[in-house]
Each structure stands twice: as structure tokens, then as C-alpha cells.
Amino acid sequence: MSTDAQAPMTRDEFEQALRAKGRFYHTQHPYHIAMYDGLCTPEQIRGWVANRYYYQVSIPVKDAAILANCTDRDTRRQWIQRILDHDGYDGAIGGIEAWLRLGEAVGLTREEMISQEHVLPGVRFAVDAYVNFARRATWQEAASSSLTELFAPTIHQNRLDTWPTHYPWVKPEGYQYFRQRLSEARRDVEHGLHITLDHYTTRPEQDRMLEILQFKLDVLWSMLDAMTMAYELNRPPYHTVTDERVYHKGLVL
Ligand SMILES: O=C(O)c1cc(C(=O)O)c2c(n1)C(=O)C(=O)c1cc(C(=O)O)[nH]c1-2
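Quick notes on the rules
- Residues numbered from 1 in each chain as written.
- Predicted model: local features only at pLDDT ≥ 70, side-chain atom pairs only at ≥ 80, totals over all residues.
- Heavy atoms only, no water.
- Helix = DSSP H or I, 4+ residues; strand = E, 2+ residues; numbered from the N terminus.
- Expected span 1.5 Å × (residues − 1).
- Buried < 20%, exposed > 50% of the residue type's maximum accessible area, 1.4 Å probe, protein only.
- Contact = heavy atoms within 4.5 Å.
- UniProt positions renumbered as here; feature names shortened; annotations may be inferred.
- Salt bridge = Lys/Arg side-chain N within 4 Å of Asp/Glu carboxyl O.
- Lys, Arg positive; Asp, Glu negative; His and termini not counted.
- Near = heavy atom within 4 Å.
- Polar contact = N/O pair within 3.5 Å; in protein donor to acceptor, adjacent residues only side chain to side chain.
- 1 Å grid on protein atoms, 1.4 Å probe; cavity = no way out; pocket = protein on both sides within 12 Å on 5 of 7 lines; lining within 4 Å.
- Sits in = over half its atoms within 2 Å of the grid points.
- Nonpolar A, V, L, I, M, F, W, Y, C, P; charged D, E, K, R; others polar.

## Re the environment of W139
Part 1: With respect to the helices and strands, the residue W139 is situated in helix α8 (residues 139-144).
Part 2: For the pair W139 and D63, spaced 76 residues apart in sequence, the C-alpha separation works out to 9.7 Å.

Now the structure itself:
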């Protein structure tokens, strides 16, 4: 390779390269496209909400792992807000509680979500890979892996705009999560982008970051692949053997 090929990207070029990864975001997944086009059955919406619950409860664990590895006081001060946003604080309900209410609004019970009985092994493995990455990586790398949210500035607004028409059977009380996330996601992306653009300055580091972002895209895409098998193709795990949800509900390692 020539020395030129190894030259670092400028801050702007690097940001453009990160943003270009957006074409692989899970909004391009057929499951997501169907959801946006109003083509999902109630069972498919319920499956998505019940499985995404596992992502929601894992996010603060992931963020706590980042905090545990973070030696920078200013970053910790800002990052800790992410945990509070999901867990709730000062009387405000957090994202996890809001997600449980979304579940109830689509016809799931709180108990069946909390029991994680619907969480497909493929979803669990994908989400666990993200949490484990955050445990092992440097805090800067783990922080920057949250940047997929960069690709969906309007994802929650779109749901607020279209779900009531597409899915009138969903109770309106369920939409709080999407509403809450509008401002939180914008703030998180700004902070994550700031850390990322500051941290990766050599070309090999920048290339590694693009690979980290691809890893995170793979996590999100794989979750939807597992849901496609179960709820679109009607091939949940062990479907050749039983209709029961025998898959494990998580091993605490
Ligand atoms: O609904 C979505 O499509 C979506 C995607 C993502 C993402 O890109 O990881 C997050 C969220 N929502 C979200 O609500 C959320 O709180 C969140 C936290 C993180 C993260 O990586 O720390 N991603 C996401």
C-alpha cells in the first residue's frame, strides 16, 4: 500500500465515511420496511416489541460497562444520563417502563415481556454481542459503537406519524417511548460523534471504527433476521419439533 493510502481522513471525510454506513441501517431490512409500510400483522408487531424489549433492558447494562471503563470525568458525567434515561429518575418514567407500556398498547402483557419468553435466541445472541463488546473494548470504541442512531434522526418521528394510521388497534398510550427518544437520541448522537471524531485520528484507527460501526449494524440487522424467521416465515427455533417456546431465557454468566 502506498503511504498515501494510509493518510488519515480529515474530520469531515471521516464523518462522511461514517454517515455513508447509513445505507446498511436496519431501516433497510424488509421487516422494518414492512413495518413502515403498514404491512405488519399484529403478531409481527408484538414479536418486534417483545424482542426489542431485550435490547431496551440491555442498553443501560451496556452503558454501565462503558462507564466502568471510562477514565474521563467529563464523559462519565454526560454518559451517565443515558442510564437514567432508560431506567427513569426523579419521578419520570424511563425508557424501559415506556417500552413496557408500548408492549401493553400492542396487546402484550407486562409479565410476558419481563419473562423474556418471546426473546428469540438469535436476538439474544446479537444483543449480548453488543453488551460484551462494550465490556471488553476501550470506552471510546464502545461509546462510538452507539453511533448507529446517527442514521435515523427521524425513525421515532416516523413511527409517531404513521403507526396511528397503519395500526389503529395500537393504544395511543403506547407512543410515549418514541416521543421521549426524539430529543434523547439527538443529544446522544452529538456526544457520541464528538468522542468519535476526536478519538480516531490515524487511518488504521478510522478504518477500525468503520468496522466497529459495521459490527453494530450487523447486531441490528441480525435481530430482524431472527424475527423474520419466527414471525414472517413461521420458522421459529425448533418449529420442526414443537410449537412451544422452549428456547432459553438467558443465562447469567
Ligand atoms: O428504534 C430504533 O431503530 C433504535 C435504534 C437504535 C440503534 O441504532 O442502536 C437505538 C434505539 N432505537 C433506541 O431507542 C435507543 O435507546 C438506543 C440506544 C442505543 C445505543 O446503541 O446505545 N441505540 C439505540
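Moving on from the model shown.
## Points about helix α7 (residues 121-136)
Part 1: The end-to-end C-alpha distance of α7 is 22 Å, a good match for the 22 Å that 16 residues give at a rise of 1.5 Å each.
Part 2: Among all positions of α7, only P121, V123, R124, A126, V127, Y130, V131, F133 and A134 are buried.
Part 3: Lining the buried residues of α7 we find α3 (42-69), α8 and α11 (203-232).

## Digging into the environment of A68
Part 1: Within the fold, A68 resides in helix α3.
Part 2: On the accessibility criterion, A68 (65% relative accessible area) is exposed.
Part 3: Taking C-alpha positions, A68 is 31 Å from G103, a pair spaced 35 residues apart along the chain.

## Thoughts on the UniProt feature "domain: Thiaminase-2/PQQC" (unreviewed entry) in the chain
Part 1: Taken from the UniProt record, the annotation "domain: Thiaminase-2/PQQC" (unreviewed entry) applies to residues 16-225.
Part 2: Annotated as 72% helix and 0% strand, the span residues 16-225 places its first and last C-alpha atoms 28 Å apart.

## Section: the pattern of salt bridges
Part 1: Going through the model one piece at a time under the given rule, you end up with 16 salt bridges.
Part 2: Notably, a salt bridge pairs K62 with D63, separated by 2.7 Å at the nearest N-O pair.
Part 3: Where E141 meets R208, a salt bridge forms, and the shortest distance between an N and an O atom there is 2.6 Å. Highlighted residues: E141 in helix α8 and R208 in helix α11, separated in sequence by 67 residues.
Part 4: R208 sits in the partly exposed class, given a relative accessible area of 45%.
Part 5: Overlapping salt bridges bring together R82, D85, E149, R181, E184, R187 and D188 as one network.

## Here we look at the side chain of R159
Part 1: Following the sequence through the fold, R159 ends up in helix α9 (residues 155-166).
Part 2: One buried charged residue, R159, remains without a salt bridge, the closest side chain of opposite sign being E149 at 8.1 Å.
Part 3: If sequence neighbours within four positions are ignored, R159 has contacts with H32, Y36, W48, P164 and F178.

## Brief notes about helix α5 (residues 95-105)
Part 1: Counting buried positions along α5 yields eight of 11 residues, so the element is predominantly enclosed.
Part 2: Restricting attention to buried positions, one finds in α5 the residues G95, I96, A98, W99, L100, L102, G103 and A105.
Part 3: As for α5, its buried residues are in contact with α3, α4 (73-87), α6 (110-114), α9 and α10 (176-199).
Part 4: At the C-terminal side of α5, G107 shows a positive phi close to 105°.

## Quick look at the site of the ligand
Part 1: In the neighbourhood of the ligand, 18 residues make up the surrounding shell, with Y25, Y55, K62, Y130 and Y177 lying closest.
Part 2: Within the side chain of Y55, a nitrogen or oxygen atom sits 2.5 Å from an oxygen atom of the ligand.
Part 3: Between the ligand and R159 there is a distance of 2.7 Å, counted from an oxygen atom to a side-chain nitrogen or oxygen.
Part 4: Among the cavities detected, the one that contains the ligand is the largest cavity.
Part 5: Secondary structure elements with two or more residues in the shell around the ligand: α3, α9, α10 and α11.
Part 6: Examining the composition of the shell around the ligand, we find that four residues originate from one element, α3, more than from any other.
Part 7: Looking at side-chain class alone, the shell around the ligand contains seven nonpolar, five polar and six charged residues.

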